[in-house]
Amino acid sequence: MEGAMSKTLTDPQLLHELEPVVERLLNRHISKFKEWNPHDYIPWSDGKNFYALGGQDWEPEQCKLSDVARVAMVQNLLTEDNLPAYHREIAMNFGMDGPWGQWVNRWTAEENRHSLALRDYLVVTRAVDPVELEKLRIEQMTRGFSPGQNHQGDLFAESLFDSVVYVSFQELATRVSHRNTGKACNETIADQLMARVSADENLHMIFYRDVSEAGLEIAPNQAMKSVHKVLRHFQMPGFTVPEFRRRAVIIAVGGVYDPRIHLNEVVMPVLRKWRIFEREDFTGEAAWMRDDLAVLIKELEEACDKFEVSKQRYLEREARRTEGITATKVLTTKGTLTMSRR
């Protein structure tokens, strides 16, 4: 182990070193996982046929959710829809052999239920226009998820650590977003569904977080560089969704996921668990990067303060408008389908 710490390890070497940890954490995950079925969280008796089968097509007044809840639910669903791209990314970085491959497939199977359940809920309850929702799904999956490529930002996963560190933060962020979305729905079944989905995400986060923690013990400098890279360039996986910025504003102002939540409930808990600022095994550039994370935290604190000011101005501006920014406007696909409607 000491020899491993003194030199840069290749991804195959890291995969080998971490394999016993992954096997142990996979077994722990399965022992803690609680079985559930998506159909148990859908109010099927509320459903009725659409026009094609002799019923009535969707109309805006049929929705019972608030604008914030609708936008957040759709954003979360479209994020989950990109599972094939996520599977590809982690399979490329983790490989498909042994415990790593078993985890990749198990994680994918569990994640797949989330989009099934969310879409069924939204369509059965007529919370959103199902036609527009399907257009968005096609567009989002056509865009895919390939950070650092296809004009999708700068965070390209160049190593195993880049990948596993990213999902450590991302899974926690997704858990928080799902849970707060459920609360924003102010509807019992939606709240229960999102609580169930967020519980899955929490177990996924714990797996990745603890694999990363083991990586910090094996190759602290390498792992630290990935932590720095990920946090300096962090974006949620749903950033490829059409009109993401407009949606993100509504979600943030609505208290589902904002800069303060990101810092206090995602960034800091993980850094504390890894004891990033207490460790004494970082050297050279990695030590500087650890110190720069302290600078980043101050910058995030400033961003939180600026957001609160901007939020107040936004609310005042919306109050003066004769016609506000509604969920129906934000969820309309016209002019936003850049990939699927060429």
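Cut-offs and rules
Residues numbered from 1 in each chain as written. Predicted model: local features only at pLDDT ≥ 70, side-chain atom pairs only at ≥ 80, totals over all residues. Heavy atoms only, no water. Helix = DSSP H or I, 4+ residues; strand = E, 2+ residues; numbered from the N terminus. Expected span 1.5 Å × (residues − 1). Buried < 20%, exposed > 50% of the residue type's maximum accessible area, 1.4 Å probe, protein only. Core = buried A, V, L, I, M, F, W, Y, C linked by side-chain atoms within 4.5 Å. Contact = heavy atoms within 4.5 Å. pLDDT = per-residue confidence, 0-100. Axes fitted to C-alpha atoms, helices over the stretch in contact; angles between N-to-C directions. Parallel < 35°, antiparallel > 145°, perpendicular 65-115°, else oblique. Left-handed = near helix turned anticlockwise from the far one by under 90°. Nonpolar A, V, L, I, M, F, W, Y, C, P; charged D, E, K, R; others polar. Salt bridge = Lys/Arg side-chain N within 4 Å of Asp/Glu carboxyl O.

## Let's talk about helix 8 (residues 188-218)
Next up, step 1: Look at helix 8: 45 Å from first C-alpha to last across 31 residues, which is about the 45 Å you get at 1.5 Å a residue.
Next up, step 2: Extensive coverage of helix 8 is indicated by the burial of 22 of its 31 residues.

## Looking at the nonpolar core
Next up, step 1: Counting residues in hydrophobic clusters, the biggest one holds 100 residues, and the most contacted among them are F94, F169, L193, Y208 and L271.
Next up, step 2: Contact partners of F94, with chain neighbours within four places excluded, come to L15, W100, W103, V104, L160, S163, V164 and Y208.

## Quick notes on helix 4 (residues 83-94)
Next up, step 1: With 12 residues, helix 4 ought to run about 16 Å at 1.5 Å a step, and its terminal C-alpha atoms sit 16 Å apart, in line with that.
Next up, step 2: Residues of helix 4 that are buried: L83, A85, Y86, E89, I90, A91, N93 and F94.
Next up, step 3: Lining the buried residues of helix 4 we find helix 2 (11-32), helix 3 (67-81), helix 5 (98-124), helix 7 (160-185) and helix 8.
Next up, step 4: Just beyond helix 4, the residue with positive phi is G95, at close to 80 degrees.

## Points about the confidence of the model for the chain
Next up, step 1: Summary statistics for the chain give a mean pLDDT of 91 and a share of 92% for residues scoring 70 or more.
Next up, step 2: Within the chain, the lowest mean pLDDT, 44, falls on helix 1 (residues 2-5), and the highest, 98, falls on helix 8.
Next up, step 3: With pLDDT under 50 throughout, residues 1-5 is counted as low confidence; its partners more than four residues away or in other chains account for 6 contacts.

## What to know about unusual backbone geometry
Next up, step 1: Despite not being glycine, R126 has its phi angle at roughly 55 degrees, a positive value.
Next up, step 2: In this fold, R126 is placed in the loop between helix 5 and helix 6 (130-143).
Next up, step 3: Since its relative accessible area comes to 4%, R126 is described here as buried.
Next up, step 4: Here the phi dihedral of R275 falls at roughly 55 degrees; this positive angle occurs in a residue that is not glycine.

## Notes on the packing of helix 7 against helix 9 (residues 220-232)
Next up, step 1: Axis separation between helix 7 and helix 9 bottoms out at 9 Å; the angle between their running directions is 50 degrees. Accordingly, the angle class assigned to the pair helix 7 and helix 9 is oblique. Handedness of the helix 7/helix 9 crossing: right-handed. For the pair helix 7 and helix 9, contact is made by F161, D162, V165, Y166 and F169 and by Q222, A223, S226, V227, K229, V230 and L231, respectively.
Next up, step 2: For the contact of helix 7 with helix 9, the class distribution of residues is 8 nonpolar, 2 polar and 2 charged.

## Regarding the packing of helix 4 against helix 5
Next up, step 1: Two elements in contact, helix 4 and helix 5, have axes whose closest approach is 10 Å; the angle formed by their N-to-C orientations is 170 degrees. Between helix 4 and helix 5, the angle falls in the class roughly antiparallel. Mapping the contact onto sequence places L83, Y86, H87, I90, A91 and F94 in helix 4 and W100, W103, V104, N105, W107, T108, E111 and N112 in helix 5.
Next up, step 2: Along the lines of polarity and charge, the residues of the contact of helix 4 with helix 5 split into 9 nonpolar, 4 polar and 1 charged.

## Examining the environment of V176
Next up, step 1: As for its position among the elements, V176 is in helix 7.
Next up, step 2: Here V176 falls in the buried class, since its relative accessible area comes to 3%.
Next up, step 3: Along the backbone, V176 and N221 are 45 residues apart, and their C-alpha atoms lie at a distance of 29 Å.
Next up, step 4: Beyond its immediate chain neighbours, meaning those up to four positions away, V176 contacts Y257, I261, E265 and V266.

## Here we look at the pattern of salt bridges
Next up, step 1: This structure, assessed with the given rule, holds 23 salt bridges.
Next up, step 2: Across the salt bridge formed by D210 and R209, the nearest N and O atoms sit 3.0 Å from each other.
Next up, step 3: Residue classification places D210 among the buried residues on the basis of a relative accessible area of 11%.
Next up, step 4: Residue classification places R209 among the buried residues on the basis of a relative accessible area of 16%.
Next up, step 5: Taking the shortest distance from any N to any O, the salt bridge between R232 and D292 comes out at 3.0 Å. Pair noted here: R232 is in helix 9 and D292 is in helix 12 (residues 284-320), with a separation of 60 residues, a long-range link.
Next up, step 6: The class of R232 is partly exposed, set by a relative accessible area of 30%.
Next up, step 7: In this structure D292 comes out as buried when scored by relative accessible area, which is 13%.

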